[in-house]
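Understanding the architecture of this molecule
Here is what each chain is made of, one letter per residue.
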Amino acid sequence: MFQIALKSLRAKWRDYTVLFVGLVISAAIFYMLSAIALNRDFLLNNSSIGLIVPVFMVGEFLLGVITFVYLNFANSFLLRLRQSEYGLMSMLGAKKSQIGDLLMQETLALGVISTVIGIFAGIGLTAASGNFLMNLLDTKLANWSVFSFNAALATLVFFVALFFINGLYNRGRLSKQDTLTLLTADKQVSQPKRHKLLDPLLGLVGLGLLILSYVMMPGIVNLGLYGFIVVLVLNVWGTYWFVSRTLKMVTYALRGSRFNNRGLRSFLNGQLLFRLPEYQRILTVISVMFGLALGAMSVGQGYYRALPQQAQSGQPFTAAYTSDKISTSNLKDITWEATYHYSVNKGKVYFNGDEFNEKKLPTVVETGKGNDTRIKWLTGDYLLATPGSEYTLTSIANQILDKQYGATAVVTHNESEMAVEGDVKSVRLVTVKSFAANEATLTANAKREARLTGTAMNHQAGVPGMFTLLKNVFGGLEFMGIFLGIAFLAMLASTLMFKVLSGVADDKRRYRILTMIGTSKRQVTATVVKDLGVLFFIPLVIGTLDVIFGLPMFKALMADPYVGFMPSLIAIVVLYVIYFVMTVILYRRLLK
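What counts and what doesn't
Residues numbered from 1 in each chain as written. Predicted model: local features only at pLDDT ≥ 70, side-chain atom pairs only at ≥ 80, totals over all residues. Heavy atoms only, no water. UniProt positions renumbered as here; feature names shortened; annotations may be inferred. Helix = DSSP H or I, 4+ residues; strand = E, 2+ residues; numbered from the N terminus. Buried < 20%, exposed > 50% of the residue type's maximum accessible area, 1.4 Å probe, protein only. Areas by Shrake-Rupley, 256 points an atom, 1.4 Å probe, with all protein chains shown as cover. Phe/Tyr/Trp six-rings, centres within 6.5 Å; stacked < 30°, edge-to-face > 60°. Expected span 1.5 Å × (residues − 1). Bend = angle between axes of the 7 residues up to and from the residue. Contact = heavy atoms within 4.5 Å. Patch = residues over 30% accessible without salt bridge, like charges linked within 9 Å, V, L, I, M, F, W, Y side chains within 5 Å. Salt bridge = Lys/Arg side-chain N within 4 Å of Asp/Glu carboxyl O. Lys, Arg positive; Asp, Glu negative; His and termini not counted. Charge placed at Lys NZ, Arg CZ, Asp CG, Glu CD. Pairing = 2+ DSSP bridges. Axes fitted to C-alpha atoms, helices over the stretch in contact; angles between N-to-C directions. Parallel < 35°, antiparallel > 145°, perpendicular 65-115°, else oblique. Left-handed = near helix turned anticlockwise from the far one by under 90°. Nonpolar A, V, L, I, M, F, W, Y, C, P; charged D, E, K, R; others polar.

Identification of the protein as ABC3 transporter permease C-terminal domain-containing protein from Weissella cibaria is taken from an unreviewed UniProt entry. One UniProt comment on the protein, placed under Sequence similarities (unreviewed entry), says "Belongs to the ABC-4 integral membrane protein family." For the protein, the Subcellular location (unreviewed entry) comment in UniProt is given as "Cell membrane".

In structure tokens, the structure reads:
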């Protein structure tokens, strides 16, 4: 029977191509996320958020859910593709148990082959995307690994198990169908059922639940864990009833209207009515996943884009240079600049207090209003009289001694006391109005300071050093956010694409009727674009609204939670549109 299964796979290879490619892509994406989710050292070493491991585990679980949904309809497609052939076998005397064994072997053969190829594709995808993102973000990540045995094993076990479960399910369905049903399976059309009272009621309830979840999302931080669960349940159920009932209610309401009777809109309306019962669950899952993809990318980019402002807000000056070969003339909008002298002895850095009486030293102090700070100017006398006030000097001492922290700064009364401790050298401090406007120049100066003095960039005092430090901390978080977003988007778009393509056989008859009544090829193509565009548009709108109303929950972590939203939305929509265009092209070719 196994040889028969392989021969049938080869005989219908063209029909299986769409399904096979979809399975390979889903396995590759699952491996790609597993390679990170199961790399605990990478997650902990590249994020300051302690819950990053559970976050990726939840992401892995959600990706597993949508993979399960995809494999479920993929195996249903596999059964539908061969039902008439199985009916013919049954009519010729084959037992249902023999046909069931054949179906199980075909399912497992397709699953194992596509999963193994998908794992190798996933390794390549992980390497390509990882290197691209690290180069894009200009960051290096510790413990990054392209190949993971645990990820490969988890992918193989997960997919084979799902194929085995779905194979048993399809085998059970096959055993309950008589020969006549199998022979005429591809000629049966399931009419959508309409409940005149229940559909409008659940449609309004779904819309209400969705709106209620959006109202509650901004205050989710105050609601706690149980509030988060309630909002999640309201959003998911609201999305499901909105897709399955509200859209159905609107579609029926449009029938007979002037709007519906123009052009081929009545055909598109009928297409949507036929599709909704079959697509309601998958559109719900894809809508939620689209929101997660956009949200993950928005939060990751939001953290990273806020780094220049965060780095500048906590520093009393912009940069410090101990090398006299670095020029500040190319900096824009310099608001303050001063040169101080120091000496080093036995791991301590000594400064001349008299210089600070002449040229006051800036430091950062709290205003008492939340986390707000302001600049306070200190004299040498104040520094001598107030132990612990030498924060600014300590950061300069860390730079001089090439330390992350722990350097000791000592303020002397005059130049002679300082000179006794060692050779006198100078350090220049400079402040500019905007770090963002001078980022390229300041970064180049910091690199040159590191090259000339041997002081690492993240040990340098001022904004560039703090920016480098924050970049090392949050660069991994942005990488993971973008990586997670791309993984979710690729999986959901692939699922929707191959779900649409697997139903071409049913749609081909309807579009053939359009051609028979005189519809031009151009009109058919335009109708296909609108027909599939509705299916892609629904998750796009719902997922985007989820993120718009959900981002305020991150206000406690980011000053502006929307700072990374628009760049992420543009990137997500561009990738999503690419998948849509690919779907239209493949769908149009399969219709011919």
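What follows covers the overall build of the protein. For the protein, the count of helices and strands is 20 helices and 7 strands. Looking at the protein residue by residue over its 592 residues, the buried ones come to 48%. When the accessible surface of the protein is totalled, it reaches about 28200 Å², and 62% of it is carbon and sulfur.

On to the packing of aromatic side chains, then. Within the structure shown, the criterion is met by 17 aromatic pairs. Judged by centre distance (4.8 Å) and plane angle (15 degrees), the rings of Tyr214 and Phe549 are stacked. Of this pair, Tyr214 sits in helix α8 (residues 198–216) while Phe549 sits in helix α19 (residues 521–550), and the two are 335 residues apart along the sequence. An angle of 65 degrees between the planes, with centres 5.4 Å apart, marks the rings of Trp336 and Trp377 as edge-to-face. One end of the pair, Trp336, is in strand β2 (residues 334–345); the other, Trp377, is in strand β5 (residues 373–378), and 41 residues separate them in sequence. Overall, the relative accessible area of 18% leaves Trp336 in the buried class.

It is worth spelling out helix α9 (residues 220–254) at this point. The end-to-end C-alpha distance of α9 is 37 Å, clearly below the 51 Å that 35 residues give at a rise of 1.5 Å each. Taking the largest bend as the criterion, α9 deviates by roughly 90 degrees, centred on Tyr226. Residue Gly256 follows α9 closely and has a positive phi angle near 90 degrees.

Further remarks concern the environment of Phe554. You can see Phe554 is positioned in the loop between α19 and α20 (565–591). Since its relative accessible area comes to 24%, Phe554 is described here as partly exposed. For Phe554 and Val299, which are 255 residues apart along the polypeptide, the C-alpha to C-alpha distance reads 8.1 Å. Leave out the neighbours within four places in its chain, and Phe554 touches Val299 and Pro561.

What follows covers a positive patch on the surface. Taken together, the side chains of Arg258, Arg262, Arg265 and Lys530 make up a positively charged region of the molecular surface. With respect to the helices and strands, the residue Arg262 is situated in the loop between α9 and α10 (265–305).

Evaluated as defined, the whole model comprises 3 salt bridges. We note a salt bridge from Asp507 to Arg275, for which the minimum N-O separation is 3.1 Å. Of this pair, Asp507 sits in helix α18 (residues 504–516) while Arg275 sits in helix α10, and the two are 232 residues apart along the sequence. When sorted by exposure, Asp507 lands in the same class as Arg275, which is buried. With its nearest N and O atoms 2.8 Å apart, the salt bridge here joins Arg510 to Asp507. Here Asp507 and Arg510 lie together in helix α18, a separation of 3 residues that amounts to about one turn. With a relative accessible area of 22%, Arg510 lands in the partly exposed category.

Bringing the sheet that holds strand β3 (residues 348–352) into the picture now. Within the open sheet, the 5 strands sit side by side as β1-β7-β2-β3-β6. Their pairing is mixed. A single partner strand is all that each edge strand has here, and the edge strands are β1 (319–321) and β6 (408–412). The sheet shows a mean angle of 35 degrees between the axes of neighbouring strands, direction not considered. Here 4 bridges tie β2 to β3, and the two strands are oriented antiparallel to one another.

Once that is clear, we can look at the packing of α9 against α10. Close contact between α9 and α10 brings their axes to 9 Å; oriented N to C, the two are set at 165 degrees. Comparing their axes, α10 and α9 come out roughly antiparallel. As α9 packs across α10, the resulting crossing turns out to be right-handed. From α9, Val236, Thr239, Tyr240, Val243, Ser244, Leu247, Lys248, Thr251, Tyr252 and Leu254 reach across to α10, where they touch Asn269, Leu272, Leu273, Leu276, Gln280, Arg281, Leu283, Thr284, Ser287 and Val288. In the contact of α9 with α10, the residues fall into 11 nonpolar, 7 polar and 2 charged.

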